[in-house]
Amino acid sequence: MNTLDLDKIDLSTEAPVQEPERQYYFMAKLRALVKEKSKKLGRPLVASAQTFGCQMNARDSEKIKGILETVGYEITESEKADFIVYNTCTVRENANLKVYGHLGLMGHEKKNNPDMMIALCGCMMQEPQVVEKIKKSYRFVNLVFGTHNLYKFAELVYTSMISDRMIIDVWKDTDKIVEDLPCDRKYFFKSGVNIMFGCNNFCSYCIVPYVRGRERSREPEEIIKEIRSLVADGVVEVMLLGQNVNSYGKNLKNPMSFAKLLEEVEKIEGLERIRFMTSHPKDLSDELIEVMAKSKKICQHLHLPLQSGSSRILKIMNRKYTKEHYLELVEKLRKAMPDISLTTDIIVGFPGETEEDFQETLDVVRKVRYDSAFTFIYSKRTGTPAAVMENQVPEDVVKDRFDRLLKEVQEIAKETSSRYAGQVVEVLAEEKNHQEEGYLTGRLSNNLLVHFKGDESLIGKLVSVHLTESRGFYYMGELV
Ligand code: 5AD
Ligand code: SF4
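What you see is a predicted model; the values in this text were computed from it and never measured. (Residues numbered from 1 in each chain as written. Chains lettered and ligands numbered in written order. Predicted model: local features only at pLDDT ≥ 70, side-chain atom pairs only at ≥ 80, totals over all residues. Heavy atoms only, no water.)

Participant: Describe the site of ligand 1, and please don't skip the residues or the numbers.
Facilitator: In the vicinity of ligand 1, the residues found are Val-91, Arg-92, Tyr-205, Gln-307, Asp-345, Ile-347, Phe-376, Ile-377, Tyr-378, Ser-379 and Arg-381. Burial of ligand 1 by the protein amounts to 85% of the accessible area it has alone, namely 400 Å². At the level of elements, β13 (341-348) and β14 (372-377) are the ones that each hand at least two residues to the shell around ligand 1. Split by residue class, the shell around ligand 1 holds six nonpolar, two polar and three charged. (Near = heavy atom within 4 Å. Areas by Shrake-Rupley, 256 points an atom, 1.4 Å probe, with all protein chains shown as cover. Helix = DSSP H or I, 4+ residues; strand = E, 2+ residues; numbered from the N terminus. Nonpolar A, V, L, I, M, F, W, Y, C, P; charged D, E, K, R; others polar.)

Participant: How would you sum up the site of ligand 2? Please name residues and give values.
Facilitator: In the region of ligand 2, the neighbouring residues are Cys-199, Asn-201, Phe-202, Cys-203, Tyr-205, Cys-206, Val-208, Pro-209, Gln-243, His-280 and Arg-319. Classifying every residue of the shell around ligand 2 gives seven nonpolar, three polar and one charged.

Participant: Residues and numbers for the nonpolar core, please.
Facilitator: Of all hydrophobic cores here, the largest spans 68 residues; its most connected members are Ile-227, Leu-240, Phe-258 and Phe-276. Once you skip the residues sitting within four places of it in the chain, Ile-227 turns out to touch Val-193, Val-238, Leu-240, Val-265, Ile-268 and Leu-271. Residues Leu-30, Ile-64, Ile-67 and Val-157 belong to the second largest nonpolar core, which totals 31 residues. (Core = buried A, V, L, I, M, F, W, Y, C linked by side-chain atoms within 4.5 Å. Buried < 20%, exposed > 50% of the residue type's maximum accessible area, 1.4 Å probe, protein only. Contact = heavy atoms within 4.5 Å.)

Participant: Break down the pattern of salt bridges for me, with residues and values.
Facilitator: Inspection of every chain in the model, using the stated rule, returns 41 salt bridges. For Lys-332, the salt bridge identified is with Asp-286, shortest N-O distance 2.7 Å. Of the two residues, Lys-332 is situated in helix α11 (residues 323-336) and Asp-286 in helix α9 (residues 286-294); the sequence distance between them amounts to 46 residues. Under the relative-accessibility criterion, Asp-286 is labelled partly exposed at 46%. Sharing partners across several salt bridges, the network here consists of Arg-59, Glu-62, Glu-179, Arg-218 and Glu-226. (Salt bridge = Lys/Arg side-chain N within 4 Å of Asp/Glu carboxyl O.)

Participant: Tell me about helix α7 (residues 220-232), and please be specific about residues and values.
Facilitator: The first and last C-alpha atoms of α7 sit 18 Å apart over 13 residues, in line with the 18 Å expected at 1.5 Å per residue. Where α7 is concerned, the buried positions are Pro-220, Ile-223, Ile-224, Glu-226, Ile-227, Leu-230 and Val-231. Along the long axis of α7, the arc covered by the buried residues comes to 160°, so they all point the same way. Exposed residues on α7 whose side chains face more than 90 degrees from its buried face are Glu-221, Arg-228 and Ala-232. Looking at the buried positions of α7, the neighbouring elements they touch are α2 (55-70), β7 (190-194), β10 (237-241) and α8 (258-266). Of the residues one or two after α7, Gly-234 is the one with positive phi, at around 110°. (Expected span 1.5 Å × (residues − 1). Arc of directions from axis to C-beta.)

Participant: Go over the UniProt feature "binding site: [4Fe-4S] cluster 2" (unreviewed entry) in the protein, please, and point to the residues and values.
Facilitator: Cross-referencing UniProt, the feature "binding site: [4Fe-4S] cluster 2" (unreviewed entry) maps to Cys-199, Cys-203 and Cys-206 in the present numbering. Tracing the backbone shows Cys-199 in the loop between β8 (196-197) and α6 (208-212). The class of Cys-199 is buried, set by a relative accessible area of 9%. The residues touching Cys-199, leaving out its near neighbours within four places in the chain, are Val-208, Pro-209, Gly-213, Arg-214, Glu-215 and Gln-243. As for its placement among the helices and strands, Cys-206 is situated in the loop between β8 and α6. In this structure Cys-206 comes out as buried when scored by relative accessible area, which is 16%. (UniProt positions renumbered as here; feature names shortened; annotations may be inferred.)

Participant: How would you summarise the state of the cysteines if you had to cite specific residues and measurements?
Facilitator: Taken as a whole and judged by the stated rule, the model has zero disulfides. Looking at Cys-123, it has no disulfide partner, and the nearest cysteine sulfur is the one in Cys-89, 6.1 Å off. (Disulfide = S-S within 2.5 Å.)

This is how it looks when you write it as structure tokens:
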């Protein structure tokens, strides 16, 4: 169904039980409400979705915006809106605190504009203590929902629009995946594609399995169908998304490996680049390495979270691999793809981490020589096993280790990422450069950025660029 068909929906009948038809029914109802409100105000209604957190959340926000646009809202990036959705993250406490900051400001805003609607969704809302806090201290919020019922967004917004109470609908888990809902993509030439939802790994520090539920894979046919239609719509690069893409397909009726899925995606004509995120070292198969190595479309980049270089800490983290196993994996990858760019996530200050453990992490960083690394200070998440572990590391010790790690990571990244200087490489032109007039910013297969002189009409196209100069974490180049 597409948005034009909303006119054909008979609103005098009961809402269908079947999905996604039910949601299209509510979109039609909502559209009438939005039209009426906008007529009263004498201007279009404006909506905004603010995203915190990972690529999954960014993709979810595109779905939220797709529905808001379908029902007649104009979409804005700013927080000055008639309807604002905060798509929250709770993986670390920082992300959590930021949301309360924004909500505080919105409380004032709503005093001036009582018709304004505020919705909260995403990972934070899956935590019962958060919802309690919202109910108590942020009574002006109109709608709260979680990660499992995002597909019901149209219905939820409709319900909250005709109610003057706070609507809360958070599910504990689901095995439901609803296909074929609208989406408002940020870029016309590249897109995220969910291939699975949830995580079964229960790393002992991580809250994701509690807020995103158990692993569910989408049917390969649905994924291929979505990518085909994206390509028909101008997309040349997809990023396959999942918390642990390497365990894709294990729970399908007809199980299928992630490597096999990649082979199917590769066959799609018109698609030029394939990326994926995130890989768990414990599930990274030889089959995948082989498929990556022979592929023409899969980018030569792998994000492989290390978390810690100490086998002792990895065990307590429940990561199910050792330092040696990780290093062997890197060796295998480099043997198959000498030019592959490796990036990672590292946590410092996990409970019980000693200076020796930390030295093991530094040792892996020096041996692997990552192209870049996201470094995090361990954040205690209520409900996870690590939160109640004794011997949490004192703040000043963690801070000191974090600074030392960051310095090491940055020095190495600066050296490794400059190794392409002088070469001519294929680049996807992504946007106008914000600093320099007449310049574009493009992305290499290995995920690094290059700035080069070029016309806006090149955006969304693959072009050859001579990398004339490395500036540490990005390049300057010239169109060939
Ligand atoms: N504290 C710090 N970092 C965390 N991550 C996940 N949980 C925590 C936590 N409690 C990091 C991991 C993961 C990335 C997405 O976030 O490194 O790979
Ligand atoms: Fe969290 Fe581990 Fe799952 Fe990643 S694999 S989402 S770190 S539990």
